Amino acid sequence: MDEGEAVPRARLSDLNELLAQRGYQVFVKGKTMYAFKGLIGRLAPIGVHAALLFTLGGSAYSGLGGLSGSVMVPDGTSFEIGSGLNRGSLLSSMPGIAKSSVQVNDFTIDYLPNGQVSQFYSDLSVIDPKGKELTRKTISVNIPLRAGGVTMYQTDWALSSMQVTVEKPSGVEGVASKENTYVLPMASLEGKSGFQGRIWGTFLPLDFEQDQRRGISIVARDFQSVAIYDSKGAFAGVRRPESKKPIVVDGLNIVIGNVKGSTGLELKTDPGVPYVYAGFAGLMVTSFLSLLSHSQIWAIQEENAIVVGGKSNRAKEEFKTELDDVLNSIP
C-alpha cells in the first residue's frame, strides 16, 4: 500500500462512518472493510480512447461517404445541386436534395476605401423540382448555406458578361445615328499573352461580315473600371461601368453598361460531421474526468486496533493528507 497505519483502541464502524462522510463507497464484510471514491477517474481513459475512435470513424465516414465539387455560376442563372457534386468513393450517395436547383439572385462585392476587395456576397435560393423555394440566404466567406445535408461555401468569383452600347453615326446629315446594345461574354486572360493576375477580356467586332478579327478590345480586373483598346491595340481610355459616359473609339461612341459577375461556390456533404462533433464533445468530457483521482482504502479489525491501508492513482500527497485526517478523527 502507498499508505498504511495501525490505529489502536479504534473501531471499524467509526472509520466506516468517517469515510462515508467524505464521499467514499464503503463495503463491510465481517471484520474487513473496503472503500473507494472517484471510480469514474479510473474508467474515463477508456472513454477517451472510445471518443478518439468515434472522431476518427466520423472523419473516415465523411471522406468515404461524402461528396464535393465546385461550380462557377453567372449572376441570374441557376444550376442543379447534383451536377455540382462528385462522388468521393463508391460508398457515396447523392442526397435527397440533389434534384433541386440553386438560383443565383444576385452577386455583389464590397470594396475597401483603397479599392481592395472587402467581402463577396451571393444571394441564393434553393428551389425544389416543383418550383417551390425551400430556403433563401445571402452567403459570404465563412457564412455558408446549408440545405438538405449540402453545404455551399462562397469561395471564388469571376466576370461573366458586359453590356456595351454602340452608337454609330449615319454619315448623312439629318439622319439619326444607329444605336445597338450588346451583351458580350467575358473570358479569363490570366496567364495568357503576358497578362499577370486575375483579368478578364471581351471583344467587340467592328465588321460582322467581312473581318471577324478587327474590333475593339475591353479588359477589366474587377467591377469598378474597364480599359478600352481600339482596333489597332492602342489604349483608348478607362470607363466606370454604368457611368453612362461615352468614349469614342474607331469613330464609334461606346458606353459601358452593367458588368455581371459569376459566383464561385464549393459544394460539400459531410455525413460524418455529427459523429466528429460528438466524438470531440466526448473527448473533452472524458479527458476532464480522467483527471479525477481514484482512491481506495482497506481496513481490518483486530482485537485492540484497526489496520488501515490505502492508495490512489493520482494526487498522492492529497490522498495521504486526507487519510491522515480521517485516522486522526477516529475516536
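Overview of the structure. Quick caveat, the model's predicted, so the values are computed rather than measured.

1. Quick look at the overall build of the chain
Phase 1: Along its length, the chain carries 4 helices and 21 strands.
Phase 2: By the compact-globule yardstick of 20 Å for 331 residues, the chain is too spread out, its C-alpha radius of gyration being 38 Å.
Phase 3: For the C-alpha atoms alone, the extent of the chain along its principal axes is close to 135 × 45 × 35 Å.
Phase 4: Across the 331 residues in the chain, those meeting the buried criterion constitute 38%.
Phase 5: The long-range share in the chain, meaning contacts at least 24 apart out of those at least 6 apart in sequence, stands at 52%.
Phase 6: As presented, the chain carries roughly 19,100 Å² of accessible surface, and 53% of it is formed by carbon and sulfur atoms.

2. Topic: the pairing of strand β11 (residues 150-168)
The two faces of a sheet get side chains in turn, since along a regular strand they alternate between them.
Phase 1: Of the strand pairs in this sheet, strand β10 (residues 145-147) and β11 are connected by 3 bridges, and their pairing is antiparallel. When the sheet's bridge partners are listed, A147 is paired in β11 with V150.
Phase 2: Two strands pair when backbone bridges link them, and β11 and strand β19 (residues 252-269) are joined in this way by 14 bridges, in the antiparallel orientation. For T151, the partnering residue across the bridge sits in β19 and is K268.
Phase 3: Pairing analysis gives 8 bridges linking β11 to strand β12 (residues 178-185), with the strands arranged antiparallel. Bridge pairing in β12 links K168 to K178.

3. Details of the nonpolar core
Phase 1: Of all hydrophobic cores here, the largest spans 25 residues; its most connected members are V164 and I254.
Phase 2: Breaking this core down by element, the ones donating at least two residues are β7 (101-111), β11, β14 (200-205), β15 (215-220), β16 (226-229), β18 (247-249) and β19.
Phase 3: Counting residues per element, this core draws most heavily on β11, which supplies 6 residues.
Phase 4: Residues in contact with V164, not counting those within four places in the same chain, are N180, T181, Y182, L184, L204, I218, I254, V255 and I256.

Cut-offs applied
- Each chain carries its own residue numbering, running from 1 in the direction its sequence is written.
- With the structure being a predicted model, the display of local features is reserved for residues of pLDDT at least 70 and the display and counting of side-chain atom pairs for 80 or more, all residues being used for whole-chain, interface and lining totals.
- Hydrogen atoms and water are omitted, and side-chain values are computed over all heavy atoms in the structure.
- To qualify as a helix, a DSSP run of H or I must reach at least 4 residues; to qualify as a strand, a run of E must reach at least 2; elements of each kind are numbered from the N terminus.
- A radius of gyration in this sense is built from C-alpha atoms; the matching globule rule multiplies 2.2 Å by the number of residues raised to 0.38.
- Only protein chains enter the accessibility calculation, which uses a 1.4 Å probe; a residue is then buried when its area is under 20% of its type maximum, exposed when over 50%, and partly exposed in between.
- Only heavy atoms enter the contact rule, under which two residues are in contact if any of them lie within 4.5 Å.
- Using a 1.4 Å probe, the Shrake-Rupley method yields the accessible areas, and only the shown protein chains count as cover for residues.
- Strands are treated as partners if at least two bridges between them are detected by DSSP.
- Here, nonpolar core means buried Ala, Val, Leu, Ile, Met, Phe, Trp, Tyr and Cys residues that are tied together by side-chain atoms lying within 4.5 Å of each other.

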